[in-house]
Amino acid sequence: MTEIRKTLILGSGPAGYTAAIYAARANLEPVLLSGDQPGGQLTITNDVENYPGFPDGVMGPEMMDAFRKQAARFGTEIHDVMGTSVDFSSRPFTVTTSDDQVFKTETLIISTGATAIYLGLENETKLQGRGVSACATCDGFFFKNKDVYVVGGGDTACEEATFLTKYANKVTMVVRRNEMRASKIMRERALNNSKIEVLWEHNVTDVLDVSAGKVTGLELTHSKTGVKQTVEAQGLFLAVGHKPNTKLFEGVLDMDDVGYLTTVPGKTAMNIPGVFAAGDCQDSIYRQAVTAAGTGCMAAIEAERFLEDQHS
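From a predicted model like this one, the values you see are computed outputs, not experimental measurements.

Two orientations exist for strands paired in a sheet by backbone hydrogen bonds: parallel and antiparallel. Read across the sheet, 3 strands follow the order β14-β15-β16 without closing on themselves; strand pairing throughout is antiparallel. Either end of the sheet is taken by a strand with one partner, and the two such strands are β14 (202-208) and β16 (228-232). Ignoring strand direction, the axes of neighbouring strands in this sheet form an average angle of 30°. Alignment of β14 against strand β15 (residues 217-222), held across 6 bridges, turns out to be antiparallel. Among the inter-strand pairings, Asp206 is bridged to a residue of β15, identified as Glu219.

In the structure shown here, the tally under the stated rule is 1 disulfide. Here Cys135 pairs with Cys138 through a disulfide, and the sulfurs are 2.2 Å apart. Around the S-S axis, the bridge from Cys135 to Cys138 shows a dihedral of about 70° and counts as right-handed. Taking the relative accessible area as the measure of exposure, Cys138 reaches 26% and is therefore partly exposed. Looking at the unpaired Cys158, the closest cysteine sulfur is the one in Cys135, lying at 17 Å. Look at Cys158 and you get buried, because its relative accessible area is 0%. Looking at the unpaired Cys281, the closest cysteine sulfur is the one in Cys297, lying at 16 Å.

Right, let's talk about the pairing of strand β13 (residues 196-200) for a bit. Where strand β12 (residues 170-175) and β13 come together, 5 bridges link them in parallel fashion. By the bridge assignment, Val175 is partnered in β13 with Trp200. With helix α6 (residues 184-191) bridging β12 and the parallel β13, this β-α-β connection has right-handed handedness.

The subject of this paragraph is the packing of helix α1 (residues 13-25) against helix α2 (residues 60-73). Axis separation between α1 and α2 bottoms out at 8 Å; the angle between their running directions is 20°. Taken together, the axes of α1 and α2 are roughly parallel relative to one another. Remark: the crossing between α1 and α2 carries left-handed chirality. Residue-level inspection shows Gly13, Pro14, Tyr17, Thr18, Ala20 and Ile21 of α1 in contact with α2, the latter providing Met64, Phe67, Arg68, Gln70 and Ala71.

Turning to the nonpolar core, a few remarks are in order. One broad rule of soluble globular proteins: the nonpolar side chains tend to lie buried together. Counting 29 residues, the largest nonpolar core has Tyr51, Met63, Ile109 and Phe276 as the members making the most contacts within it. Mapped by element, the contributors of at least two residues to this core are α1, α2 and α7 (289-311). The greatest single-element share of this core, amounting to 8 residues, is contributed by α7. In this structure, Ile109 is in contact with Thr7, Leu8, Ile9, Leu10, Ala19, Phe276, Ala299, Ala300 and Ala303, ignoring residues within four places of it in sequence.

Look at α1 against α7: their axes get within 7 Å of each other, and the N-to-C directions meet at 35°. Along this stretch, α1 crosses α7, giving a crossing that reads as right-handed. Residues Pro14, Ala15, Thr18, Ala19, Tyr22 and Ala23 of α1 touch α7, and the partners they reach there are Ala289, Ala292, Ala293, Gly296, Cys297, Ala300 and Ile301. Among the residues forming the contact of α1 with α7, the class breakdown is 11 nonpolar, 2 polar and no charged.

In this model, Arg91 is joined to Pro92 through a cis peptide bond whose omega is 0°. Relative to the assigned elements, Pro92 resides in the loop between β6 (83-87) and β7 (93-97). Looking along the chain, the bond that leaves Leu208 and enters Asp209 is cis, with omega of 15°. For Asp209, the location among the structural elements is in the loop between β14 and β15. With phi around 50°, Glu201 is a residue other than glycine that occupies positive phi space. Turning to its location among the elements, Glu201 is positioned in the loop between β13 and β14. Judged by its relative accessible area of 16%, Glu201 is buried. A positive phi angle, near 55°, is found at Arg287, a position not held by glycine. Tracing the sequence through the fold places Arg287 in the loop between β19 (275-277) and α7.

Basis of the calculations
- Residues numbered from 1 in each chain as written.
- Predicted model: local features only at pLDDT ≥ 70, side-chain atom pairs only at ≥ 80, totals over all residues.
- Heavy atoms only, no water.
- Pairing = 2+ DSSP bridges.
- Helix = DSSP H or I, 4+ residues; strand = E, 2+ residues; numbered from the N terminus.
- Axes fitted to C-alpha atoms, helices over the stretch in contact; angles between N-to-C directions.
- Disulfide = S-S within 2.5 Å.
- Buried < 20%, exposed > 50% of the residue type's maximum accessible area, 1.4 Å probe, protein only.
- Right-handed = clockwise from strand over helix to strand, strands pointing away.
- Parallel < 35°, antiparallel > 145°, perpendicular 65-115°, else oblique.
- Left-handed = near helix turned anticlockwise from the far one by under 90°.
- Contact = heavy atoms within 4.5 Å.
- Core = buried A, V, L, I, M, F, W, Y, C linked by side-chain atoms within 4.5 Å.
- Nonpolar A, V, L, I, M, F, W, Y, C, P; charged D, E, K, R; others polar.

As structure tokens, then:
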């Protein structure tokens, strides 16, 4: 018969690994399924300088490797596979993986993260972490006195562009329509900033220059006329949104219109007892490594207390 585990963690990254560290130290003997990108979004981030404890900064992959080793040190059982289905209909829950393993678990911590929505350009992917970013808060510091572009016309784009003016010499927003969909206050804040210029009715259709190993320019195409132009740029920030990796739970777990899991206010508990959510799959506001780690800690503690209540 399949062994019943005390807790299983779906997904890695700062949230999943932190949950594993706390769960393992609480003798919950956690199983962690790391997903198709072990370590999450930080594995494609070069320099992390805003995580406490690293005064000289740290490479994203290096930090996630350290998180993983710490989780393993305390006895976390790590499998580099995807969870492909979860049966919530009875306890214990049943989790099936991409390599057809079946796990049964008393509690489930979901830390499947979110994925930045990219434009789908080949060079955009190749230059991630080399001038292409989806997080101004994470990477803005590296663009001091540089000319950067922000793609998008919503609240996130306006917020990112405004934030980047703290560092960049000039910020150009590329908006595909002749108006922004951002709220009035966010729109006005961006339009009234002297360091922000808006390029209306344009799309970014290529990122230059892979041969240089970093962003040196962009190809822009007019939305209506199709006329192309090449501009110099030292950074490209994508602000067209994030998509939480929660499709697996649609119709079962509470989530908002975008797909972010909705937890009990102030906690990580979900609408099904014994299920908890941590990190970017439930955080549409902060999306930082340190906040993800914090909710991972919360989820593990809540899982431990849930199990204590069940067996008391």
